[in-house]
Amino acid sequence: MENLIGLLVAAPLLGAALLLCGGRRLDGKGHYIGTVLAAASFVIGAVLFAEMLGRGEHDRALHSKVFSWIPVGGFRADVAFQLDQLSMTFVLLITGVGTLIHIYSIGYMEHDERRRRFFGYLNLFLAAMLLLVLADNYLLLYVGWEGVGLASYLLIGFWQHKPSAATAAKKAFIVNRVGDVGLSIAIMLMFTTFGTFTFAPVLTNVDHASEGKLTAIGLMLLLAACGKSAQVPLQSWLGDAMEGPTPVSALIHAATMVTAGVYLITRSGAIFNAAPDAQTAVVTVGAVTLLFGAIVGCAKDDIKKALAGSTMSQIGYMILAAGLGPIGYVFAIMHLVTHGFFKAGLFLGAGSVMHAMNDEVDMRKYGALRKYMPVTFVTFGLGYLAIIGFPGLSGFWSKDKIIEAAFAKGGTEGWILGGAALLGAAITAYYMTRVMLLTFFGEKRWVPDEAGQEPHPHESPSSMTIPMMVLAVGSVFAGGLFSLNDSFLKWLEPVTGHSHGDSPLSAAAVTGGTMVVLLIGVALAWMQYGRRPVPRTAPRGSLLTRAARRDLLQDDFNHVALVKPGQYLTRGLVYVDHKLVDGVVNGTAAGVGGLSGRLRKLQNGYARTYAVSMFGGTAVLIAATLLMRAV
Amino acid sequence: MSGTLAAAASTTSTGEALQFWVLGTVAVIGALCTILMHKAVHSALCLAGTMIVLAVFYLANGAYFLGVVQIVVYTGAIMMLFLFVVMLVGVTAADSLKETLKGQRWLAALCGLGFGILLCAGIGNASLTTWNGLGQANAGGNVEGLAALIFTKYVFAFEITGALLITAAVGAMVLTHRERTERARTQREQSEARVRTGRNVPPLPAPGVYARHNAVDIPGLLPDGTPSELTVNATLRGRGQIRDVSTDALAELAALEQRSQRWLGRKARDTGKKAEDTAEPEHGENGENGENGQNGENTAGANSRGAAK
Amino acid sequence: MNPVNYLYLAALLFTIGAAGVVIRRNAIVLFMCVELMLNACNLAFVTFSRLHGNLDGQIIAFFTMVVAAAEVVVGLAIIVSVFRSRHSASVDDASLMKL
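Every chain is numbered on its own, with residues counted from 1 as its sequence reads. Chain letters and ligand numbers both follow the written order, the letters beginning at A and the numbers at 1. For a predicted model such as this one, the threshold for reporting local features is a pLDDT of at least 70, and the threshold for listing and counting side-chain atom pairs is 80 or more; totals across whole chains, interfaces and linings nevertheless cover every residue. Hydrogens and waters are ignored; side-chain quantities use all the structure's heavy atoms.

In the annotation of an unreviewed UniProt entry, chain C is listed under the name NADH-quinone oxidoreductase subunit K and assigned to Streptomyces violaceusniger. UniProt positions are given in the numbering used here, feature names are shortened, and annotations may be inferred rather than shown by experiment. For chain C, the Sequence similarities (unreviewed entry) comment in UniProt is given as "Belongs to the complex I subunit 4L family." Per UniProt, the comment on chain C under Catalytic activity (unreviewed entry) is "a quinone + NADH + 5 H(+)(in) = a quinol + NAD(+) + 4 H(+)(out)".

As annotated in an unreviewed UniProt entry, chain A carries the name NADH-quinone oxidoreductase subunit L and is attributed to Streptomyces niphimycinicus.

### So, the overall build of chain A
The helix and strand inventory of chain A stands at 24 helices and two strands. Here chain A holds 631 residues, and the buried ones make up 54% of them. Contacts were defined at the residue level, with two residues in contact if any of their heavy atoms lie within 4.5 Å. Within chain A, contacts between residues at least 6 apart in sequence are counted, and of these 80% link residues at least 24 apart. To be clear on the numbers: accessible area is Shrake-Rupley with a 1.4 Å probe, and residue cover counts the displayed protein chains and nothing else. For chain A, the accessible surface area stands at approximately 25,400 Å², while carbon and sulfur atoms represent 67% of it. Under the DSSP-based scheme used, a helix requires at least four consecutive residues in state H or I and a strand at least two consecutive residues in state E, with every element numbered from the N terminus. Exposed residues in this analysis have more than 50% of their type's maximum accessible area, buried residues have under 20%, and partly exposed residues fall in between, with area computed by a 1.4 Å probe over protein chains only.

### Let's talk about the nonpolar core
Soluble globular proteins tend to pack their nonpolar side chains together in the buried interior. Buried residues of nine kinds, namely Ala, Val, Leu, Ile, Met, Phe, Trp, Tyr and Cys, make up a nonpolar core once their side-chain atoms join them within 4.5 Å. Counting residues in hydrophobic clusters, the biggest one holds 187 residues, and the most contacted among them are Leu134(A), Tyr138(A) and Leu221(A). Tallying contributions element by element places helix 15 (residues 329-356) of chain A first for this core, with 17 residues. Excluding its chain neighbours within four sequence positions, the residues that come into contact with Leu221(A) are Tyr138(A), Leu183(A), Ala186(A), Met190(A), Leu264(A), Ser268(A), Ile271(A) and Phe272(A). Formed by 88 residues, the second largest nonpolar core is a distinct cluster that contains Val28(B), Ala48(B), Leu51(C) and Ala68(C).

### Concerning the side chain of His498(A)
Residues and elements named next belong to chain A. Tracing the sequence through the fold places His498 in the loop between helix 20 (487-496) and helix 21 (507-530). For His498, a relative accessible area of 17% translates into the label buried. In protein, a polar contact means a hydrogen-donor-capable atom and an acceptor-capable atom, both N or O and within 3.5 Å, with residues adjacent in sequence counting only if both atoms are side-chain atoms; elsewhere, any N or O pair within 3.5 Å suffices. Polar side-chain contacts of His498 include one of 3.2 Å to the backbone oxygen of Pro326. In this structure, His498 is in contact with Pro326, Ile327, Val330, Phe331, Leu489 and Glu493, ignoring residues within four places of it in sequence.

### Some words on the pairing of strand 2 (residues 75-83) of chain A
Residue and element names in this part refer to chain A. Of all the nine residues making up strand 2, seven are buried; the element is thus mostly covered by neighbouring parts of the structure. Should DSSP find at least two bridges between two strands, the strands are regarded as paired. In terms of strand pairing, strand 1 (residues 62-72) meets strand 2 through nine bridges, oriented antiparallel. Its bridge partner being in strand 2, Leu62 is matched across the sheet by Leu83. Where strand 1 folds back on strand 2, the antiparallel hairpin that results is connected by two residues, among which Gly73 adopts a positive phi of roughly 55 degrees.

### Details of the pattern of salt bridges
Once the charged atoms of two side chains with opposite charge are near each other, the side chains can pair. Residue and element names in this part refer to chain A. Salt bridges are counted wherever a side-chain nitrogen of Lys or Arg sits within 4 Å of a carboxyl oxygen of Asp or Glu. Overall, the coordinates contain 20 salt bridges over all chains when judged by the stated rule. The shortest N-O distance in the salt bridge between Arg55 and Glu51 comes to 2.7 Å. Take Glu51: its relative accessible area is 25%, and that puts it in the partly exposed class. In this structure, Arg550 engages Asp556 in a salt bridge whose closest nitrogen and oxygen atoms are separated by 2.4 Å. Overall, Asp556 belongs to the partly exposed group, its relative accessible area being 26%.

### Some thoughts on the environment of Ala40(A)
With respect to the helices and strands, the residue Ala40(A) is situated in helix 2 (residues 30-53). Through-space distance from the C-alpha of Ala40(A) to that of Thr99(A) is 9.0 Å; in sequence the pair is 59 residues apart.

### A few points about the packing of aromatic side chains
Any two aromatic rings considered together are summarised by their centre-to-centre distance and by the angle between their planes. Each pair of aromatic rings taken from Phe, Tyr and Trp, with Trp reduced to its six-membered ring, is defined by centres within 6.5 Å and is described as stacked if the planes are under 30 degrees apart, edge-to-face if over 60, and tilted in the remaining cases. Summed over all chains, the structure comprises 28 aromatic pairs over all chains. Taking 5.2 Å as the distance between ring centres and 75 degrees as the angle between the ring planes, the aromatic pair formed by Phe151(B) and Phe158(B) counts as edge-to-face. Its relative accessible area of 26% is what places Phe158(B) among the partly exposed residues. Three or more aromatic residues joined by ring pairs form one cluster here, namely Phe118(A), Phe119(A), Tyr121(A) and Phe158(A). Note that Arg114(A) overlies the ring of Phe158(A), its terminal NZ or CZ placed 4.6 Å from the centroid. Throughout this description, the term charge over a ring refers to an Arg CZ or Lys NZ atom that lies within 6 Å of the ring centre and within 35 degrees of the ring normal. A cation over an aromatic ring shows up here: Arg177(A) above the ring of Phe173(A), its NZ or CZ 4.5 Å from the ring centre.

### Notes on the interface of chain A and chain C
Tallying the contact residues gives 10 residues for chain A and 15 residues for chain C. Between chain A and chain C, roughly 990 Å² of surface is buried when both sides are summed, and carbon and sulfur atoms account for 64% of that area. When two components associate, each loses some accessible surface as probed by a 1.4 Å sphere; the sum of these losses over both components is called the buried area. Among the residues chain A hides against chain C, the three largest losses belong to Tyr606(A), Arg608(A) and Phe615(A). Together they make up 57% of the total. For the interface between chain A and chain C, the tally reads one salt bridge. One salt bridge connects Asp92(C) with Arg608(A), and the closest N-O pair in it is separated by 2.7 Å. Scanning the region where chain A abuts chain C turns up three residue pairs in polar contact (both at pLDDT 80 or more). Class assignment of the residues belonging to the side of chain A that touches chain C gives a composition of five nonpolar, three polar and two charged. Classification used: nonpolar for Ala, Val, Leu, Ile, Met, Phe, Trp, Tyr, Cys and Pro, charged for Asp, Glu, Lys and Arg, polar for all others including Gly.

### Focus on the interface of chain B and chain C
Listed per partner, the contact involves 89 residues of chain B and 67 residues of chain C. Here chain B and chain C share an interface that buries about 6,900 Å² over both sides, 74% of which is from carbon and sulfur atoms. For the pair chain B and chain C, the interface holds two salt bridges. Put simply, Asp56(C) and Lys153(B) hold a salt bridge, and the shortest N to O gap is 2.9 Å. Seen at the junction of chain B and chain C, the total is 13 residue pairs in polar contact (both at pLDDT 80 or more). For the side of chain B that touches chain C, the elements supplying multiple residues, two or more each, are helix 1 (2-5), helix 2 (14-36), helix 3 (40-60), helix 4 (64-89), helix 5 (104-126), helix 6 (142-150) and helix 7 (155-176) of chain B. The element contributing the most residues to the side of chain B that touches chain C is helix 2 of chain B, with 13 residues. For the side of chain B that touches chain C, a count of residues per class yields 53 nonpolar, 29 polar and seven charged.

What follows is the structure in structure tokens.
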């Protein structure tokens, strides 16, 4: 069984290698190869899952060492996999959603002549992501971490002929790099503290390390998570990442890669549990981001960017939950999985809409699409209900638990976090309702595209609708299934641990409150967008709206706070380099050159002059000898 | 020389002292002449003189073998080799002693003075008042003593110097040897080739100006009075040792005019004493010319005499 | 008289020779000056031999003569071949080793 773990990673890796090295002769069937290998990975995952269920609760973790990677003295790093319940959850999510999105992409990318390459990148992403979640040590996790970053970069910039896509890819890569530095520092700190970076010894020996060091490691891990999961302050890349093809947005920037930060924090739970300051930082980041993303999502007219804001916000929930400690880990992962379903479904729905509307992304130019795209409408609608937390659907179960856990943190902190989570829920309801109303309700606001073609909305082909339906089913039932009998809690508890906080509010009160804010949010959105016609061009809006349209000035902030000083510093350094460093170097060279020019005159080529020098030198030697004797 | 026979002496015989001071002076004068003579031949001869003096000193110091070798090998062979090369390179070329390098003289003088003083200071510092002399070492004969040392203690050095000499001889041959790459043409072939090309069919014109100069380095004059280089041996042409005398006659005539003017002028100042007699001073002038021993001058004198007649 | 005087004479001759090397331009005279220096050395060796009462100094002088002979042979050959190509025996003419 252990050997199958390696195959999980190997299958998509083989696909990537085949598709990227295979050349044009695979153009016709490349997408099938990619999809089949992704599906194969999912089947292997399912087999391993079934096998894992068959074992006792405490010996479910599998371990498989493939080869010794860096054996240098006391420094040992192995390529070894660890498959426990947490990894299993991710494996199923990644391969499952991944396979569905592969299938979807067959239809979505049908007219793109670089489809083979696209599938190669997708497979590369799957392999890297699986490596990330299956690694048994931080160093191998880092390899996967960088691998998904690379795949993300390649896929955001897939339409590299568009300058905006190329820029967005670079932006994502560079911002991620800041986070990656955090991860590498964290790994180095781990090595100096524990002498190893394998999960098991690090996480069990946390007690032996000082709290200061653990806090440092925790903060560095948080920095890494912020980069990968688009959390404040490293959130700026996610909105621009929507330049990539929509399946990419669904798979990488909604369902899987951006949740790697949550995985990292959950996996390193033991470290955070022992470092309360780091945990505080985590919940702060989570709470700020969930509001930040939600506000941004309210103002965007670009359907994908609105969804991206939503993703940011939902991951904020997960980070918040993960920062709560043992009371939140399970719910963070549960929300992660349900979010994977409904957000991927929403993105695929958005892709389907764009596909029908000649790649128009402005929601103000949609309207009344429910009549033309019934399947998309229904699946999108189910995803919508799931994300706003409609009772009984997936989002309801997972988000409710997080809000409950936030209150259960206790004290003022609990009230603040719970309040933020509740407020977030209200805003989520508002902006998702807005998206729904603008897209599928109201009257037609279509405009001809640049080529003058009137859009003719139509339902997408079945290769696109079937994945959407499957994901919609997941959006509806996953949460309920997980909560039935607390099955998900029991499944993950051996890995992450779980404790019940003492909530000042009863579960029923929290649920009631959530329902109330949900209704308020929906009602507000309906009053604004449902009751009266929507203008095609966005009104000027309030100061907050305008700021939110500019992603709450995050790019401006980065520009003023980081780019400008960086440029000035660089210019200063260049000036110093030119004037001082080069001056010293050139001055020395000029001095030596000038001196040589003068000394060169001694070399006049006349043997007799040299003879005189020799003569004088001999005289000096004799004098020296005599002097030495005299002394 | 009696000093050398003493086992441990503190002074040499008076005879040797006298010899040293006299011959030492000669040696120093010879050395100075070596470096100060304009012509290389003179330098070589002065050096030979110094070497002979040194040979005497070797003998005085009990180095009988070396004294003889110094005369036979150094003075006899090496210095003659020098003379050969001097003759080969051109014995007429006198060196200018004018210094062309700026400051070279001063530096040389400074270094030489400093060097000499320091060397003498060193000797004075380490000088001995008593010495052993070679009486014992030379007891079995100087040559035998040297031979015993050369063929025992210094045998390897001796062998190596032998190899060095052979190498030097081969090296000298390699340096000066010029390979003949083709067979030398016979006289017949040369004349045939001349006829074939049509250039210089008769023998080359002879050097020298008819009735005035017949030296090989003086080119013959063409009908228009310009010198023809063809008449001079190619080797001399190559060395640039052609003497052009085409303008000599006129220049000498002019010089003669000047001299007679000067003499006449002097004569004019002495009018009161002597009657005019041109023949006598002219003879005296000619006599001076003859004493100068220069061929051209002599000829010029003859010319002027001819002109006067 | 002390035989050390021979050493003073040798020093004087050596210095004169060295000065000659420095001030003369004719390569042949230059060589003569080198010979003079070598002979001065030989005189010193012979005198040392006498002072020390053994023949080793004379042996060294003997070897010096041999080496000097070899040197003269090669040196003169060089002068001749330089003269052939440059038509000059002046050491100043061969001053190409400069900029």
